[in-house]
Amino acid sequence: MIWPGFDRTLTAHSIYGLSVGRVGDTMVVKRGCRIYPVFWRLFLANFIVIAGSQCLAWGQQNARSKELLHAFEQGTPFSFVYGGKPAASFLSSWKKSETVHPLADGRTLRTITYQDPVTHLEVSREITLFPNANAMESMLTLHNAGTQDTPILENILPLDAEIALPAADAVTFHHVHGSVGSLGDYVPVDKRLDASTPVEIAHYIFENGQHKDTFLPFFNAQWASGGLIGAIGWTGQWMVKADRSPRGLELKSGQQMTNLTLHPGEKIRTPRVLQA
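What this report covers is the structure whose coordinates are included nearby. All of these numbers come straight from a predicted model, not from anything done at the bench.

Bringing the overall build of the chain into the picture now. When helices and strands are counted, the chain shows 1 helix and 24 strands. Evaluated residue by residue, the chain yields a buried proportion of 36% over its 276 residues. Considering only residue pairs separated by 6 or more positions, the chain has 53% of its internal contacts joining residues 24 or more positions apart. Only carbon and sulfur atoms are counted for the fraction: they give 57% of the accessible area of the chain, which is about 15,800 Å².

Below you can see the structure in the form of structure tokens.
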């Protein structure tokens, strides 16, 4: 690139709307039609410090994001109630098996199945890993492999997790309204989470039987050292609940209400939840 009045070709870059080039030991910054000389070495030194610290921060956040998703993959960040008892109280006593299948585009499908030795209910957690995108998708499938109706299944959530965070870390929950034909359609919401102010969004919000609001099935939980983006794949009445606890951030997502029994051979699945 050649700027008028300069006797040599400059290698120019765009930084925050500025064109930046170098002549000898002088840095020249062009904004619009005005040209500002800057000391090259001083500018370069500051740029390296800023860019280096920013890259380091990005690298640290990316590493923490991978650690968080790895914990989700290896743990049991889901929940349901079976016969009046929470799954966390008995799941470790069920028979556990796993299969792994490679998929297209470098993806991997892990299926972890838990089977009740008494009622033969099978709960399978399907995890699709996207290693190139640092993301994963999870879904639960429940199948009655027995010969009798199952006890009552309720509060089935494919995502039920607590993320450990320092108490001083502020958490902002970003989400977006849907459309109900009002001035608030598609308005973004940035809600700071406090222990006394949890946030719950859902496909439809009703008040006294009337449809008052709706939300898009996406969220972005952000804190100082990282964050988590989520998307819910479900056309029914999905929900996401975020709550700041003394230990960290509690996230729940799935079908808003479930209370059912499965007849022999019946199978159901939950919404898919993508985390990145």
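Next comes the rest of the account.
All right, on to the sheet that holds strand E15 (residues 199-202) then. Here we have 4 strands laid out as an open sheet, ordered E12-E21-E20-E15, and antiparallel in their pairing. The sheet is open, and its two edges are formed by strand E12 (159-164) and E15, each paired on a single side. Neighbour-to-neighbour, the strand axes of the sheet open up by a mean angle of 10°, direction not taken into account. Direction of pairing for E15 relative to strand E20 (residues 238-245): antiparallel, over a ladder of 4 bridges. Looking at E20, one finds that Ala202 is bridged to Met239.

Moving on: the environment of Thr108. Along the chain, Thr108 falls in strand E8 (residues 108-115). When the C-alpha atoms of Thr108 and Leu129 are compared, they prove to be 5.2 Å apart, with 21 residues separating the residues in sequence. The residues contacting Thr108, other than those within four sequence positions of it, are Val100, His101, Leu103, Ile127, Thr128 and Leu129.

So, on to the packing of aromatic side chains. Summed over all chains, the structure comprises 8 aromatic pairs. Taken together, a centroid distance of 6.1 Å and an interplanar angle of 55° make the contact between Phe78 and Tyr114 tilted. One end of the pair, Phe78, is in the loop between helix H1 (40-74) and strand E5 (79-82); the other, Tyr114, is in strand E8, and 36 residues separate them in sequence. Relative accessible area serves as the criterion here: at 6%, Tyr114 is assigned to the buried category. Between the aromatic rings of Phe80 and Phe90, the centroid separation amounts to 6.0 Å while the plane-to-plane angle is 65°, which identifies the pairing as edge-to-face. In this pair, Phe80 sits in strand E5 while Phe90 sits in the loop between strand E6 (85-86) and strand E7 (95-102), placing the two residues 10 residues apart along the sequence. Among the aromatic residues, ring-to-ring pairing joins Phe80, Tyr82, Phe90 and Trp94 into one connected group.

Once that is clear, we can look at the pattern of salt bridges. In the structure shown here, the tally under the stated rule is 7 salt bridges. A salt bridge links Arg110 to Glu98; the shortest N-O distance between them is 2.6 Å. Of this pair, Arg110 sits in strand E8 while Glu98 sits in strand E7, and the two are 12 residues apart along the sequence. Notably, a salt bridge pairs Arg192 with Asp194, separated by 3.9 Å at the nearest N-O pair. Linked by salt bridges that have partners in common, Glu73, Glu98 and Arg110 make up one network.

Following the sequence through the fold, Thr113 ends up in strand E8. What Thr113 contacts, discounting residues up to four positions off in sequence, is Lys95, Lys96, Ser97, Glu122, Val123 and Ser124.

Moving on: the sheet that holds E5. The 4 strands lie next to each other as E6-E5-E11-E22, forming an open sheet whose pairing is antiparallel. For this open sheet the edge positions go to E6 and strand E22 (259-260), each flanked by a neighbour on one side alone. In this structure, E5 lies alongside strand E11 (residues 153-157), joined through 3 bridges in antiparallel fashion. Directly across from Val81, in E11, lies its bridge partner Glu154.

The next subject is the nonpolar core. Counting 43 residues, the largest nonpolar core has Phe80, Trp94, Ile163, Phe173, Trp223 and Leu249 as its most contacted members. At 4 residues, strand E9 (residues 121-130) tops the list of elements feeding residues into this core. Ignoring sequence-local partners within four residues, the contact set of Phe173 consists of Val189, Asp190, Lys191, Leu193, Val199, Ile201, Phe219, Asn220, Ala221, Val240, Ala242 and Leu251.

Right, let's get into unusual backbone geometry. Positive phi, close to 65°, is recorded for His120, a residue that is not glycine. Positive phi is not limited to glycine here, since Asn155 has a value of about 50°. Here Asn155 is to be found in strand E11. Overall, Asn155 belongs to the partly exposed group, its relative accessible area being 43%.

So, how was this worked out
- Residues numbered from 1 in each chain as written.
- Predicted model: local features only at pLDDT ≥ 70, side-chain atom pairs only at ≥ 80, totals over all residues.
- Heavy atoms only, no water.
- Helix = DSSP H or I, 4+ residues; strand = E, 2+ residues; numbered from the N terminus.
- Buried < 20%, exposed > 50% of the residue type's maximum accessible area, 1.4 Å probe, protein only.
- Contact = heavy atoms within 4.5 Å.
- Areas by Shrake-Rupley, 256 points an atom, 1.4 Å probe, with all protein chains shown as cover.
- Pairing = 2+ DSSP bridges.
- Axes fitted to C-alpha atoms, helices over the stretch in contact; angles between N-to-C directions.
- Phe/Tyr/Trp six-rings, centres within 6.5 Å; stacked < 30°, edge-to-face > 60°.
- Salt bridge = Lys/Arg side-chain N within 4 Å of Asp/Glu carboxyl O.
- Core = buried A, V, L, I, M, F, W, Y, C linked by side-chain atoms within 4.5 Å.

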